[in-house]
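Spelled out from the first residue to the last, the chains are:
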Amino acid sequence: MSENVGNIITNPPYPRPLPPINQMNHHFWCGGKDGKLHLMQCGNCGYYIHPYGPVCKECLSKDVSVVAVSGLGTVRAVSINHQPWFPGVPVPYVVALVQLDEQDNIRLPSNILNCAVEDVVQGMKVKVCFEQYGDIFVPLFEPA
């Protein structure tokens, strides 16, 4: 049975395909344990780096570290999926491109939860929530 603990859904109602975890992406996929979304940020110029990388894409500094961000964003694109691609995942569901408030060029493909699929529209304000699968905390979004 699913349970909400803050913005973390424990025992999600259905399985998701999960990413392989490595040293470079651990902060993103496992950082949600504290209920916050984590990205890399350049200590030199403040640029957020996503997808993750060892060097700042703006100033080429190697002074990058993991920081928690607000988890707030705006839906920039929406698609409603009616195809049952994964066994046990109910359809329809929303696949959205969420632009994070911290930086215009950080856009995360994600699902929007806790509202009807037809209510998800471009320009909608959302906030991060997570589904927990062991040590992995999948970042998803819900209406803000």
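Please refer to the structure placed before this passage.
Report on the accompanying structure. (Residues numbered from 1 in each chain as written. Predicted model: local features only at pLDDT ≥ 70, side-chain atom pairs only at ≥ 80, totals over all residues. Heavy atoms only, no water.)

## Description of the packing of aromatic side chains
Which entries qualify depends on this criterion: Stacked, tilted and edge-to-face are the three classes applied to pairs of Phe, Tyr and Trp rings, where Trp contributes its six-membered ring and a pair requires centres within 6.5 Å; stacked means planes under 30 degrees apart, edge-to-face means over 60, and tilted covers the rest. Classification of residues uses two cut-offs on accessible area relative to the type maximum, computed with a 1.4 Å probe and protein chains only: under 20% is buried, over 50% is exposed, and between them is partly exposed.
Scanning the entire structure with this criterion turns up one aromatic pair. Between the aromatic rings of Phe 28 and Trp 29, the centroid separation amounts to 5.0 Å while the plane-to-plane angle is 90 degrees, which identifies the pairing as edge-to-face. Relative accessible area serves as the criterion here: at 7%, Phe 28 is assigned to the buried category.

## Some thoughts on the sheet that holds strand 3 (residues 37-42)
Note the cut-off: Here a strand pair is declared whenever DSSP counts at least two bridges between the two strands. Starting at the N terminus, helices and strands are each numbered in turn, a helix being any DSSP run of H or I of at least four residues and a strand any DSSP run of E of at least two.
Strand order across the open sheet formed by three strands is 4-3-5, with antiparallel pairing between neighbours. Unpaired on one side and paired on the other, strand 4 (48-49) and strand 5 (64-69) mark the two borders of the sheet.

## Considering the side chain of Gln 99
For the record, the criterion: Counted as a polar contact is a pair of N or O atoms within 3.5 Å, where, for protein atoms, one must be capable of donating a hydrogen and the other of accepting one, and residues adjacent in sequence contribute only when both atoms are in side chains. Two residues form a contact once any of their heavy atoms are found within 4.5 Å.
Tracing the sequence through the fold places Gln 99 in strand 7 (residues 93-100). For Gln 99, the side chain forms a polar contact with the side chain of Arg 107, separated by 2.8 Å. Sequence-distant contacts of Gln 99, defined by excluding residues within four places in its chain, comprise Leu 72, Gly 73, Thr 74, Arg 76, Asp 104, Ile 106 and Arg 107.

That's the geometry; what it means functionally is another story.
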